[in-house]
Every structure is written in structure tokens, then in C-alpha cells.
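# Examination of the molecular architecture
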Amino acid sequence: QKEVEQDPGPLSVPEGAIVSLNCTYSNSAFQYFMWYRQYSRKGPELLMYTYSSGNKEDGRFTAQVDKSSKYISLFIRDSQPSDSATYLCAMSAMDSSYKLIFGSGTRLLVRP
Amino acid sequence: ETGVTQSPTHLIKTRGQQVTLRCSSQSGHNTVSWYQQALGQGPQFIFQYYREEENGRGNFPPRFSGLQFPNYSSELNVNALELDDSALYLCASSLEGMRPNGGYTFGSGTRLTVV
């Protein structure tokens, strides 16, 4: 079993829809939770970062962390065709290297 | 702020050869990590360097090695290339030393193809 599970999709939605992306994890030591967006043949770009539990909002994006359920979510409101990309969740424990453990990514397509 | 720069962008090597990939960290970042991303997968941690010392390593064999220089730029070396080494290799730098506060900044990667 992988430490971080993420549905690969693809997820196809019409423009303006609310998108919900999710990851589950098994390692209770994870304290840092991130969402990255990756366009084809590009490096990941940080969208949201959360330390420990709770919600965080930034513009059209909301990140939620539920450590009791080992479940994190990213919501995208008023989705745009430019949001079409692969979304990667990433997590890190407070060990010496703080290495990131990634999900496999969810492909999102927002249709005009 | 210059961001993270990786070179080359694309590379084709033959099985058994050796390859060196390069990374220039974002200005002021003293921690650099390398990740391997196979097609359709998330990035996997190879190793991390902090102030020129290796600080953590993932499940990769010793033929994957690295260096960090005093200016915080970095190299990833892979010896005895195998077909499965074909992937996008990503470099990421961090401002806050070893803590991912605010996350890491990734470069666009080097796409390595082994034939």
C-alpha cells in the first residue's frame, strides 16, 4: 500500500464548476500538507500549503486537512480552462530531511 | 528572484552510460532536493543536500549520487544507466533550511530518456 493515495482521474468538468480533489494517507507522522499543480512537461508549482489540520483559503482555492481521517482535499471554485492540469498532493513529516511524499496526481480537464 | 533552473532540458543516453544533471537553486535557498518522476506518477524523493552535505536519501541505489556546491547549485549523477531510469528529474530548493515552510520551489526538470 502506498503512503499517499490519489485518484488518477481524469476528471472532466464544465467551466465554472466546483472541483473537489482528494488524497488519503497512512502515515500519522505527516505534518505538512501541500497541493501542487503541474502542467504537461513542466515542474510542479505550489498552490496551497497547510501545517497540521485545518482549512486554508486563497482566492478560488481552498485546502482542507483532516488528520483524524488522514484525508486532505483541494477545492477549486469557478473552475477555468486554464486550471486544466495535473494536481499533486504532497506531504511531509518532521524528520531530518522533510522529504515530500507525493500522490500519483489527478488529471483535471475543465471544458469551455 | 531567478527561480530554480535546471539543465539540460532534454537528454538521450544509452543504457550503461553515465549522466550529470545540473540545478541552480533559487536565490538564498540553501537546501536542494532531487526527485524522479516517471510518466504518470508523482515525483519520488532521491536525496536532499543541506549546506553541501547529504541530508536524507530515498530508496535509490548508490549509482545515484549528488553534490551541492558552496553557491548552493547542485548536480545529480547517475551511473550505469538503465532503461527504467527514463523519467523527468526535478530539482527543488527551499528557503527555510530543511523545513518545507511554504513548500519547495521546483525547476522545470530534465527529461532523461535511456535507450
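Residues numbered from 1 in each chain as written. Chains lettered and ligands numbered in written order. Predicted model: local features only at pLDDT ≥ 70, side-chain atom pairs only at ≥ 80, totals over all residues. Heavy atoms only, no water.

## Quick look at the overall build of chain A
- Secondary structure assignment for chain A yields zero helices and eleven strands.
- Taken from N to C terminus, the helices and strands of chain A fall in the order β-β-β-β-β-β-β-β-β-β-β.
- Here chain A has a C-alpha radius of gyration of 14 Å; the compact-globule value for 112 residues is 13 Å, and the two agree.
- Taking the principal axes of the C-alpha coordinates as reference, chain A spans close to 45 × 30 × 25 Å.
- When the 112 residues of chain A are sorted by exposure, 47% land in the buried category.
- Per element, the accessible surface of chain A, about 5,200 Å² overall, is 49% carbon and sulfur. (Helix = DSSP H or I, 4+ residues; strand = E, 2+ residues; numbered from the N terminus. Rg over C-alpha atoms; globule rule 2.2 N^0.38 Å. Buried < 20%, exposed > 50% of the residue type's maximum accessible area, 1.4 Å probe, protein only. Areas by Shrake-Rupley, 256 points an atom, 1.4 Å probe, with all protein chains shown as cover.)

## Some thoughts on the overall build of chain B
- Within chain B, the regular secondary structure consists of zero helices and eleven strands.
- Along the chain direction, N to C, the helices and strands of chain B fall in the order β-β-β-β-β-β-β-β-β-β-β.
- When its C-alpha atoms are laid out on the principal axes, chain B stretches across 40 × 25 × 25 Å.
- With 115 residues in all, chain B has 50% of them scored as buried.
- Intrachain contacts of chain B at a sequence separation of at least 6 include 53% that bridge at least 24 residues.
- Distance between charge centres in chain B, computed from 8 positive and 9 negative side chains, equals 5 Å. (Contact = heavy atoms within 4.5 Å. Lys, Arg positive; Asp, Glu negative; His and termini not counted. Charge placed at Lys NZ, Arg CZ, Asp CG, Glu CD.)

## Focus: the state of the cysteines
- Scanning the entire structure with this criterion turns up two disulfides over all chains.
- A sulfur-sulfur separation of 2.0 Å characterises the disulfide bridge that pairs Cys23(A) with Cys89(A). Because the torsion about its S-S bond is -100 degrees, the bridge between Cys23(A) and Cys89(A) counts as left-handed. With Cys23(A) in strand β3 (residues 19-25) and Cys89(A) in strand β9 (residues 85-93), the pair connects residues that are 66 residues apart, well separated along the chain.
- Disulfide pairing places Cys23(B) opposite Cys91(B) at an S-S distance of 1.8 Å. Judged by the sign of its S-S torsion, about -60 degrees, the cystine formed by Cys23(B) and Cys91(B) is left-handed. (Disulfide = S-S within 2.5 Å.)

## As for the confidence of the model for chain B
- Within chain B, residue pLDDT values average 91, and 92% of them lie at 70 or more.
- Per-element confidence in chain B ranges from a low mean pLDDT of 89 for strand β10 (residues 105-106) of chain B to a high of 98 for strand β11 (residues 110-114) of chain B. (pLDDT = per-residue confidence, 0-100.)

## Remarks on the side chain of Ser92(A)
- Note that Ser92(A) resides in strand β9.
- Looking at Ser92(A), its side chain comes within polar contact range of the main-chain oxygen of Lys99(A), at 3.1 Å. (Polar contact = N/O pair within 3.5 Å; in protein donor to acceptor, adjacent residues only side chain to side chain.)

## Things to note about the nonpolar core
Residues and elements named next belong to chain A.
- Ranked by size, the top nonpolar core spans 26 residues in total, and within it Trp35, Ile72, Leu74 and Met91 carry the most contacts.
- Where this core is concerned, the elements lending two or more residues are β3, β4 (30-38), β5 (45-51), β7 (61-66), β8 (71-76), β9 and β11 (106-111).
- Per-element accounting of this core gives the leading share, five residues, to β9.
- Setting aside anything within four residues of it in sequence, one finds Met91 in contact with Val4, Cys23, Tyr25, Phe30, Tyr32, Phe33, Met34, Ile72, Lys99, Leu100 and Ile101. (Core = buried A, V, L, I, M, F, W, Y, C linked by side-chain atoms within 4.5 Å.)

## Quick notes on the pattern of salt bridges
- This structure, assessed with the given rule, holds seven salt bridges over all chains.
- With a closest N to O distance of 3.4 Å, Arg77(A) and Glu57(A) form a salt bridge. Highlighted residues: Arg77(A) in the loop between β8 and β9 and Glu57(A) in strand β6 (residues 54-58), separated in sequence by 20 residues.
- Look at the salt bridges and you will find they share partners, linking Arg63(B), Glu82(B) and Asp85(B) into a network. (Salt bridge = Lys/Arg side-chain N within 4 Å of Asp/Glu carboxyl O.)

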